[in-house]
Structures are given as C-alpha cells and as structure tokens.
Protein chains: 2
Amino acid sequence: MRFNEVLKNVKNYEAGKPIELVMREFGIKESEIIKLGSNENPYGTPPKAIKAIKANANKAYMYPDESMIELREALSERFNVRAENIILGAGSDQVIEFAVHSKANPNNAVLMAKTTFAMYEIYSKQTATKILKTPSHEHKTEEFLDIYKKNKDIEIIFLCLPNNPLGECLDKKEVYNFLEEIDENVLVILDGAYQEYASYKDSNKKIEPKDLIEKFPNTLYLGTFSKAYGLGGMRVGYGIANEEIIKNLKKLQPPFNVTSLSILAAHAALLDEKFVLKSIKNNFEEMIRYEIFAKEKGIKYIESYTNFITYLFSSKNSSEIAKTLLRRGIIIRDLSSYGLNAIRITIGTPKQNERFFEEFEKIL
Amino acid sequence: MRFNEVLKNVKNYEAGKPIELVMREFGIKESEIIKLGSNENPYGTPPKAIKAIKANANKAYMYPDESMIELREALSERFNVRAENIILGAGSDQVIEFAVHSKANPNNAVLMAKTTFAMYEIYSKQTATKILKTPSHEHKTEEFLDIYKKNKDIEIIFLCLPNNPLGECLDKKEVYNFLEEIDENVLVILDGAYQEYASYKDSNKKIEPKDLIEKFPNTLYLGTFSKAYGLGGMRVGYGIANEEIIKNLKKLQPPFNVTSLSILAAHAALLDEKFVLKSIKNNFEEMIRYEIFAKEKGIKYIESYTNFITYLFSSKNSSEIAKTLLRRGIIIRDLSSYGLNAIRITIGTPKQNERFFEEFEKIL
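Calculation rules
Residues numbered from 1 in each chain as written. Chains lettered and ligands numbered in written order. Predicted model: local features only at pLDDT ≥ 70, side-chain atom pairs only at ≥ 80, totals over all residues. Heavy atoms only, no water. Salt bridge = Lys/Arg side-chain N within 4 Å of Asp/Glu carboxyl O. Helix = DSSP H or I, 4+ residues; strand = E, 2+ residues; numbered from the N terminus. Buried < 20%, exposed > 50% of the residue type's maximum accessible area, 1.4 Å probe, protein only. Pairing = 2+ DSSP bridges. Right-handed = clockwise from strand over helix to strand, strands pointing away. Contact = heavy atoms within 4.5 Å. Buried area = accessible area lost by both parts, 1.4 Å probe. Polar contact = N/O pair within 3.5 Å; in protein donor to acceptor, adjacent residues only side chain to side chain. Nonpolar A, V, L, I, M, F, W, Y, C, P; charged D, E, K, R; others polar. Patch = residues over 30% accessible without salt bridge, like charges linked within 9 Å, V, L, I, M, F, W, Y side chains within 5 Å. Areas by Shrake-Rupley, 256 points an atom, 1.4 Å probe, with all protein chains shown as cover. Lys, Arg positive; Asp, Glu negative; His and termini not counted. Charge placed at Lys NZ, Arg CZ, Asp CG, Glu CD.

(A) View of the pattern of salt bridges. In the structure shown here, the tally under the stated rule is 50 salt bridges over all chains. The partner of B:Glu286 in a salt bridge is B:Arg289, with the nearest N and O atoms 2.9 Å apart. Of the two residues, B:Glu286 and B:Arg289 are both situated in helix H12 (residues 273-297); the distance of three residues between them amounts to about one turn of the helix. According to the relative accessible area criterion, B:Arg289 is partly exposed, its value standing at 26%. Between B:Glu359 and B:Arg355 there is a salt bridge whose closest N-O contact spans 3.6 Å. Residue B:Glu359 and its partner B:Arg355 are both found in helix H14 (residues 350-363); the two are separated by four residues, about one turn of the helix. On the accessibility criterion, B:Glu359 (9% relative accessible area) is buried. Linked through salt bridges whose partners overlap, the residues forming this network are A:Arg328, A:Arg355, A:Glu359 and A:Lys362.

Below you can see the structure in the form of structure tokens.
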C-alpha cells in the first residue's frame, strides 16, 4: 500500500525497557527486577493519587469533562497564571506534538541540542521540517544562537531544562539572555519535565512560567506529572503559554486526550506536596552516593539536576554494560543510540541503589 | 505568532456535554442530572475492570510496557488474528489519527458519508487533504462508489458500521460488494465502535475482522472499549489490519499512548463478557421503549443498531429541545451542527429513560 513519503524517515521512540519484558526474556521474577531505566519516581504513586483513583474507578465508563477545567484551574492557581494559559496533554509529550505540528513544515526548520529528549526530533520528522542540532551534546546557548543567526527559517527552538538524557541544566539567566535574541515569531519550547528537581537543587535553575511567558510571549513552558509527581503511567502533562499560542495548540488537541482517572490522579498529586518534596529530597541524598561511587571507580559523570545520572565510559562499552545488568534484572538506559558511550541510571530508592552498586561493581 | 496555514481550517470536536458543566451552568445537583449525550454504557464500568484499576492504582507511577503485548495478545485471541495485526490507540480516535496522517495529504482526497463520526473530517483537515462527502446523510454504497470512480485521488474511505451519530448500519454483504470495487492502494477504514451492538441485533451486520482483512488487505477495522465495554473515560481503542498497514501506523504511535491502568482495565473488560452481554441485551430492550414512544408521539426516528437513537423533527426545533432538556438536567445531543433538525439520545438505564420520557413529554 501507498503511504505518505514522510513516513519513510519517521522513527519510533526507544523506550526504557519494561519489567514485563525482562520477566519474559530472561525468566527473572518480578520481585528481583529493578527498573532504573525510565526516570519514574521510585517512591511510587502519591498516596492521595492512589486514593483518588480507587475512589473513582467506578466512573471509568464516563468520558471526562472535555474542558478539564478543574485540573487546569488547580494548575493555574499553582503557577499564578490563567486557566486560558494552560493546555493539557497525554504527557507533556503530546503538547510537544501539538506545538511541532502547529508550526513546523517542510519549508522551515527546528533547532535543538545534539543530545536531548528524543521526541523533539521524532515529532519534527513527522512534519518533514529541517532538523538542526548544536555541535555539543549538552546545551550551550552560544551554539544555539550561532545556528539561529545563520538560519532564518527556524520556527521552533527546543530547550530541555534540565536536559534529558544528560542531566545538565542551563541557568535561568543564560536562558533569559538567549531569549532576548530570539524573534517573537519563533516559538521557544522550555521543557521543564524535571524542573522540580533542578529548582530544588539550585535556585539559579528555576524557571517561573508566569514570569517567563509575560517577559517572552513566544515561549511555551512544559511540565509533567510523570516524574516528581509519580504518575508516569497516567500520561498527564501540560503546556503554559500566552493565550494565542494555547488557542492554536488546542486546535490540534483531540477530544478527551487525558483519561478521566488521569485528570483526577494528577489533581490529587498536585495537592500531595509532602510526598513530592520528600521524593525530591531523597533523590538528591541518594544521588550523592552515585557521585561518590563514580569517583571511587574513576567513572566520569555529568552533574545532574534531575532524578537520573549519566555515567560516561572510556574503555568499557556501554551497550555491553547495559546488557549484562539486564540479565541480572537491573534495567538502566544505554545511551549508545545517542552516539555516547554512556549509561543513564534513574536514582532509585536506597535499597534499589544498593543493589545497583552491588551488581555494577561485579562487572567493572 | 506565525502558525501553519492549515490550522486556519482545523476545527475541534464538539463533545457531548459533561455532567460537571451542567452542574456549573445551571446549578443542578449531580444526582439530578442524566447524561444521555455521549453514548457511554449506562450500566457503568465492568466490575472486573473496576477491580483491576483498584488493584493496580499503586502502580500508576510506572510507564506501561510499551509493547502493550498482553492486551494485544488478548485481542488477538478474541479476534483470531496475530498480535502483529493489532495497534492500540487512546480510543479508536487515535488510530483514525494515525491512519489519516499516514496517507492523506494536500494532493489527495478522502471520502466519507455526509453525516458520520466528526473525527474523520477533523483529522483529515489537519492534513489539508480534500474532503469528499456523499450527498445522503446515511451511508449508501452506490453514492460512495459513484464518487470513488470520479475521483482517482481518493486515498482513504471511511465506513462507520453502524454509523454515529445516525444509527443506521450497512449489511456485511453490501460492504463486501463495495470493497470488491476498491483499489488495493486505497485504505478503507471500517469503524466498528458500535459493532457489538449491531451484530447482536442483526447477524447480517456482523463484520469479522479476520475474514475482512484476509479478503481485503486494504482495510483497517476499528474497535473500542468506550462503548459496550464501558470504559469511555479510559481511552482505549484498537485497529486491526494486515501487518504492513499496522507497521506504518505504528510509526506515528507516540510512546505510552495508552495509560497503564487503561491497558489493565481494557484487558479485564474484555474478559467481563457477562457484563458486556447484559448491557447490550438491556440496551435493545430499552430501545423498544424509545421506538414506541416515538410512534405514539408521531416522531420520526432512524432504526438504530447502536446504543443511541436519533429522533428527527419537522416543526419543532432540535436546538430548542436540547436546551430545554438541559435546563432540566437531561443531556442529549443536538444534531443541528450536522445540518439535521434532530437529536441523538443515548439509550439509558430503565430509570434514566423513564425520566427522559417524563421530561420530554412535557415539552412536546
């Protein structure tokens, strides 16, 4: 059958391996598998969200209120913006999809860091737009600016703050200085999927959506419930921008794009501040162990503002390491497909991290 | 800000009004509102699905197994096709989105009935493809064939079997005769969102996905968990087609497009045959009351193979009727935006229907 030409270049996201797959492929018991490959919150689902899901399970037959106004209002209160400044997606992923499809086309271009969240490129390829990347893996605003000035056809710039899968994070000041240079017709997407972590660790990293969109009306801030808010499986994310941008993105929003239980769970998670704060605090306490371990073993790592850490190897092969760990029931993320001899490890619970160090040490 | 030209013509789906909105706008108590506007299963969520959701609420922090293999295997068993023939979507809606974006473009065309599921047109408009419609509101294969033969650029044909929002349904024989005439490069989408209802009422309407895709490799069968399976709020649907088609649609499938609890709930609902069968049986028993009521009042209706019925008016105005009912807490669907002076009513529980007749009678 004939398909659109553009499909030939479209690729799929390489997701972190699920526990079920390791059970199937290696015959390992569920209780013996540790998943440190997908940057979920290892402390689980917020208790308030569990309660909301259980209490509303019997309403699963009903479509959600399409306006999703209650969750949008809760977010608007949290961020001190209007509900009209907020769009909800099935993960912030889907808001990226709306944004890319609203502006990118075969006659223009998008710009991103060499190594960053893979969905930027995947959605961009669907539109056959030109994809430009910085020479460095990590975000360097001078490289972004250099390419931007040489390419008048750039319509979207992606900044991942902090950056997945590497963990580094630009300072707010660097970001704002960069934004001053960008034309008002160019949409700059600031992906804050891990912002809760970054701003906890270092207030210089903190981006306030309200301040951002007031100063720079051409920006779109993204947030998610999949990371610190412990709802990866529920698929809820949001975009915050000025009303004109939101109105245009909404044109591409399918009806009921977030499930009814996801909306309720996200709302409950937003109010479960105690759980979220504790998760973030624990995360950085445990991260120190990964840093110490790396130093002891002479492994290079990238200072991380997220809930994961990236180990870089010189002699050892990252794919081999990932495979060996997998056979022992430990799921981490090999970054070889990004052109890096590195692995990305989600910071787990103390017990999970203990097990990781134990197994990892054996194969070093 | 600049946006893609195509956005100017894109419109949003007009969803059935949610209970929350009626509470907000008219100050009516939740317990006094009857929602017969969105064709949900009025008997609620399948008990096995409720159990699965509650039992797994604590796992909501974890991304689902991206392959969704367990649900795909359960469906493959149900329909006697291979798991490779199945793609899952956030509602069958999303499979429509994948299909349209995989083939439609500004240089070709799609064909659908004049009045049919609105998402066919909405997704098509996103691609700037040419949209062709039959002159009759209801599906007439001779009209489809006539337009098909005159337009060599048609890439997709939509058949809604039975048709939403009207309720009529082509016989399998008519469909197969039609398919014989269609080129193998043209994708024919057979939307079976209400097939469980139609095939229960009349075996001549029953489309078997296995037989369909074997005889006609250019077809895509769609099914959903939102209707008979009582999971509208969970957003799970599926497409069944030959492997080449599925492989191409999968290129447009975002990661984790169905939530982890939705996958488990759908799997459980699939095994809750007792609940589903009872819901369908009750539906047609109650539909008779709507037919008798219409005949008594001299209201024309379309014979329905679904869980809703369409009443057509000559002198009275459907928008006025819908508004008046809404103020009394009864949500039905006005079809004036489809160019019809008609309302679509979901067949409710006996108690809900009683209330509908009571209120409706007052305003006739």
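(B) Spatial organisation of the pairing of strand S4 (residues 130-133) of chain A. Residue and element names in this part refer to chain A. Bridging between strand S3 (residues 109-112) and S4 involves four bridges; their strand directions are parallel. Note that in S4 the partner of Leu111 across the bridge is Leu132. Regarding topology, helix H5 (residues 118-126) serves as the crossover connection from S3 to the parallel S4, and that connection is right-handed.

(C) Representation of the interface of chain B and chain A. Contacts between chain B and chain A engage 75 residues on the former and 75 residues on the latter. Summing the contributions of chain B and of chain A, the shared interface buries around 6400 Å²; its carbon and sulfur component is 56%. Taken as a group, B:Met1, B:Tyr61 and B:Tyr63 account for 13% of the area that chain B buries against chain A, more than any other trio of residues on that side. Here B:Arg24 makes a salt bridge to A:Asp65, at a shortest N to O gap of 3.3 Å. Across the chain B-chain A interface, the total number found is 43 residue pairs in polar contact (both at pLDDT 80 or more). Listing elements by their share of the side of chain B that touches chain A, those giving two or more residues are helix H1 (19-26), helix H2 (47-56), helix H4 (92-103), helix H5 (118-126), helix H10 (243-250) and helix H11 (260-270) of chain B. Broken down by element, the side of chain B that touches chain A gets its largest block of residues, five residues, from H4(B). Classifying every residue of the side of chain B that touches chain A gives 30 nonpolar, 23 polar and 22 charged.

(D) Quick look at a negative patch on the surface. A cluster of acidic residues, A:Glu20, A:Glu30, B:Glu70, B:Glu73 and B:Glu77, forms a negative patch on the protein surface. Of the residues forming the negative patch, the biggest block, three residues, is contributed by helix H3 (residues 69-79) of chain B. Mapped onto the elements of the fold, A:Glu30 is located in the loop between helix H1 (19-26) and strand S1 (34-35).

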